[in-house]
Amino acid sequence: MWYYEKIGGSRCPIVDTWWQTETGGIMMSPLPGAIPLKPGSCTKPLPGIIPEIVAEDGKPVEPGHGGWLVIAKPWPGMLRGIWGDDERYKIQYWSDVKGKYLCGDNARCDADGYYWIMGRIDDVLNVSGHRLSTIEIESALVSHEAVAEAAAVGRPHEIKGEAVAVFVTLASGYEPSDELRKKLRDHVRKEIGAFCVPDDIRFTTALPKTRSGKIMRRLLRDIAAGRQTTGDTTTLEDFSVLAKLRSDEE
């Protein structure tokens, strides 16, 4: 909405697309001037693309409910193999939902047929039997005026299985405090429900990102769980961010 109002002067359409490297091109996108926009939605599939939202058993879910995004029919440009490893290609994309391409994304389709991408399948937390999308928790947090950026991850919890830990960068003019932490928890409760309320809220001046701007959640999961990072960190843009988060934890 900020981009639409400030950059586009409230008159230029903001085209939000969904696609993957594996799909060979854009799969879902509004046609500017022809399809009404909904902020945050990639709207509808392009001609010839047949997406579906299914549960883990492969059965379609009701409109408005979240599930796995799959593509039901072949399309031009689709990935047809992995170089030197055809078996991995079959297992990765075709083994979970029989006869359909599994995108690896969670999504929902509303009553108007508009698609909303909710994050990666592996970016889901299992808290006391509730499957929570990290992107929904993050969206709830950034809708608060004090929050500039947020990242939600899970950490082990002996009773709930996983606990929700969030790392929050504050907007200009706000300072970390226990009072603000309580306000943010109350805000998440109001926006999406009590079972989504973060167990931990950690304030930070920056989040660990790749050079292309993608948050490195794997590193945040290690920090939240109190583990040392042993994986590859060569794509990390600013190592001082990771060091600062580690020092704050100690």
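Enquirer: Could you clarify how one ought to interpret the sheet that holds strand S5 (residues 101-109) in this entry?
Expert: Working definition: the strands of a sheet are paired by backbone hydrogen bonds and lie parallel or antiparallel to each other. Taken in spatial order, the 4 strands of this open sheet run S3-S4-S5-S6, and their pairing is antiparallel. Of all the strands in the sheet, the pair left with one neighbour each is strand S3 (51-54) and strand S6 (115-120). Between one strand axis and the next, the sheet turns through 45 degrees on average, direction left out of account. With 5 bridges connecting them, S5 and S6 associate as antiparallel partners. Each bridged residue has a counterpart across the sheet, and for Asn106 the counterpart in S6 is Gly119.

Enquirer: When you look at the layout of surface pockets in this model, what are you seeing that I'm missing?
Expert: Any empty space left between atoms is shown by rolling a water-sized probe over those atoms. Empty space within the largest pocket amounts to approximately 1500 Å³. Along the wall of the largest pocket there are 32 residues; nearest its centre are Ile117, Gly119, Ile135, Glu138 and Arg217. Looking at the lining of the largest pocket element by element, the count peaks at 6 residues for helix H3 (residues 134-142). Considered as a void within the structure, the second largest pocket measures approximately 280 Å³ in volume.

Enquirer: I keep staring at helix H5 (residues 217-225) and nothing clicks. Help me out?
Expert: Because an α-helix packs 3.6 residues into every turn, residues spaced three or four apart end up facing the same way. Of the residues making up H5, those classed as buried are Arg217, Leu219, Leu220, Asp222, Ile223 and Ala224. Immediately downstream of H5, the backbone of Gly226 shows phi near 75 degrees, a positive value.

Enquirer: Teacher, can you tell me more about the packing of aromatic side chains here?
Expert: For any two aromatic rings, the description comes down to two numbers: the centre-to-centre distance and the angle of the planes. Scanning all chains against the criterion turns up 5 aromatic pairs. Both rings, one in Trp75 and one in Tyr101, keep their centres 5.4 Å apart while their planes meet at 70 degrees; by these two values the pair is edge-to-face. Linking Trp75 in the loop between strand S4 (66-71) and helix H2 (86-94) with Tyr101 in strand S5, this pair joins segments that are 26 residues apart in sequence. Note on accessibility: Trp75 and Tyr101 belong to one class, buried. Members of the aromatic cluster, joined through ring pairs, are Trp75, Tyr89, Tyr93, Trp94 and Tyr101. Here Lys38 stacks its cationic end above the ring of Tyr114, 4.6 Å away from the centre of that ring.

Enquirer: What exactly am I supposed to notice about the state of the cysteines here?
Expert: The term disulfide refers to a covalent linkage connecting the sulfur atoms of a pair of cysteines. Summed over the entire model, instances satisfying the criterion amount to 0 disulfides. Between Cys103, a cysteine without a disulfide, and Cys42, which holds the nearest cysteine sulfur, the sulfur-to-sulfur distance is 11 Å.

Enquirer: Would you explain helix H4 (residues 178-192) in this entry?
Expert: Relative to the 21 Å expected for 15 residues at 1.5 Å per residue, H4 spans 21 Å between its end C-alpha atoms, a close match to the ideal helical length. Taken together, the buried positions of H4 are Leu180, Leu184, His187 and Val188. Down the axis of H4, the smallest arc covering the buried residues is 100 degrees, so these residues share one side. Every exposed residue of H4 that faces more than 90 degrees away from the buried side is listed here: Asp178, Glu179, Lys182 and Lys190. Lining the buried residues of H4 we find H3, strand S9 (147-157), strand S10 (161-170) and strand S11 (200-203). In the stretch just after H4, Gly193 is the one whose phi turns positive, near 125 degrees.

About the cut-offs
- Residues numbered from 1 in each chain as written.
- Predicted model: local features only at pLDDT ≥ 70, side-chain atom pairs only at ≥ 80, totals over all residues.
- Heavy atoms only, no water.
- Pairing = 2+ DSSP bridges.
- Helix = DSSP H or I, 4+ residues; strand = E, 2+ residues; numbered from the N terminus.
- Axes fitted to C-alpha atoms, helices over the stretch in contact; angles between N-to-C directions.
- 1 Å grid on protein atoms, 1.4 Å probe; cavity = no way out; pocket = protein on both sides within 12 Å on 5 of 7 lines; lining within 4 Å.
- Points joined across faces, edges and corners; volume = space filled by probe spheres on them.
- Buried < 20%, exposed > 50% of the residue type's maximum accessible area, 1.4 Å probe, protein only.
- Phe/Tyr/Trp six-rings, centres within 6.5 Å; stacked < 30°, edge-to-face > 60°.
- Lys NZ or Arg CZ within 6 Å of the ring centre and 35° of its normal.
- Disulfide = S-S within 2.5 Å.
- Expected span 1.5 Å × (residues − 1).
- Arc of directions from axis to C-beta.
- Contact = heavy atoms within 4.5 Å.

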